[in-house]
Amino acid sequence: MSEIDLSAPEFRHEGSELKIRPRKEPYPNLPENGVIVDMIGDLNLYSTPHVKNILNRLVDAGKTRIYLNLEKLNYIDSSGLGAFLGIQSRLAKMSGFLR
């Protein structure tokens, strides 16, 4: 699998409510098909489509082990939780996961 450029615009979102930033730096013990995604701000009905879009693009690019860093997430509503469950369901069919 070729390495993807996580700094590319299709893998990032810098909105007023939510920032989504996959980490570019290598991490010890992170598998080649793994990625850490930082989310900063509020995950709600308006920002959820960005989350779905970016996480699906990461999966399409071969990242099937997605680790979410929600330490700086201030708020999440049911649409955000639903997006996570949808991605987890897709990843489970590929022997992957969302954590």
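## Considering the packing of aromatic side chains
Across all of its chains, the model carries one aromatic pair by this definition. Ring centres of Tyr-67 and Phe-97 lie 5.4 Å apart, and the angle between their planes is 80 degrees; on these two criteria the pair is classed as edge-to-face. Here Tyr-67, found in strand E4 (residues 65-76), pairs with Phe-97, found in strand E5 (residues 97-98); they are 30 residues apart in sequence, far enough to count as distant. The class for Phe-97 is buried, based on a relative accessible area of 9%. The ring of Phe-97 has Arg-99 lying over it, and the distance from NZ or CZ to the ring centre is 3.8 Å.

## Some points on unusual backbone geometry
Unusually for a residue other than glycine, Asn-29 sits at a positive phi of about 65 degrees. For Asn-29, the position within the fold is in the loop between strand E2 (18-22) and strand E3 (34-43). Its relative accessible area of 80% is what places Asn-29 among the exposed residues. If you check the backbone angles, Ser-95 has positive phi at about 60 degrees while not being a glycine. Following the sequence through the fold, Ser-95 ends up in the loop between helix H2 (78-92) and E5.

## Considering the sheet that holds E5
Across the sheet, five strands lie side by side as E1-E2-E3-E4-E5; this open sheet has mixed pairing. Two strands bound the open sheet, and with one partner strand each, they are strand E1 (13-14) and E5. Of the strand pairs in this sheet, E3 and E4 are connected by nine bridges, and their pairing is parallel. Note on E4: the bridge partner recorded for Val-35 is Ile-66. Together, E1, E2, E3 and E4 form the strand contacts of helix H1 (residues 48-60), whose direction differs from that of E3 by roughly 175 degrees.

## Remarks on the pairing of E3
Burial analysis of E3 places eight of its ten residues in the buried class, the great majority of the element. Sheet topology note: the E2/E3 ladder contains five bridges and is antiparallel. The residue bridging Pro-22 from the neighbouring strand is Val-37, located in E3. On the question of chirality, the crossover connecting E3 to the parallel E4 by way of H1 is right-handed.

## Structural notes on H1
Here H1 is 13 residues long and its end C-alpha atoms lie 18 Å apart, about the 18 Å a rise of 1.5 Å per residue gives. Among all positions of H1, only Thr-48, Val-51, Ile-54, Leu-55, Leu-58 and Val-59 are buried. The buried residues of H1 all sit within an arc of 140 degrees when viewed along its axis, so they share a single face. Each element contacted by the buried residues of H1 is listed here: E1, E2, E3, E4 and H2.

## Looking at the pattern of salt bridges
It is possible for side chains bearing opposite charge to pair when their charged atoms get close. Counted under the stated rule, the structure contains four salt bridges. Two residues, Glu-14 and Arg-21, come together in a salt bridge whose shortest N-O distance is 2.9 Å. The exposure class assigned to Glu-14 is partly exposed, which follows from its relative accessible area of 45%. With its nearest N and O atoms 2.4 Å apart, the salt bridge here joins Arg-90 to Asp-60. Note that Arg-90 is positioned in helix H2 and Asp-60 in helix H1, a separation of 30 residues in sequence. Note on Asp-60: relative accessible area 57%, which makes it exposed. Put simply, Arg-12, Glu-14 and Arg-21 are held in one network by salt bridges that share partners.

What counts and what doesn't
Residues numbered from 1 in each chain as written. Predicted model: local features only at pLDDT ≥ 70, side-chain atom pairs only at ≥ 80, totals over all residues. Heavy atoms only, no water. Phe/Tyr/Trp six-rings, centres within 6.5 Å; stacked < 30°, edge-to-face > 60°. Helix = DSSP H or I, 4+ residues; strand = E, 2+ residues; numbered from the N terminus. Buried < 20%, exposed > 50% of the residue type's maximum accessible area, 1.4 Å probe, protein only. Lys NZ or Arg CZ within 6 Å of the ring centre and 35° of its normal. Pairing = 2+ DSSP bridges. Contact = heavy atoms within 4.5 Å. Axes fitted to C-alpha atoms, helices over the stretch in contact; angles between N-to-C directions. Right-handed = clockwise from strand over helix to strand, strands pointing away. Expected span 1.5 Å × (residues − 1). Arc of directions from axis to C-beta. Salt bridge = Lys/Arg side-chain N within 4 Å of Asp/Glu carboxyl O.

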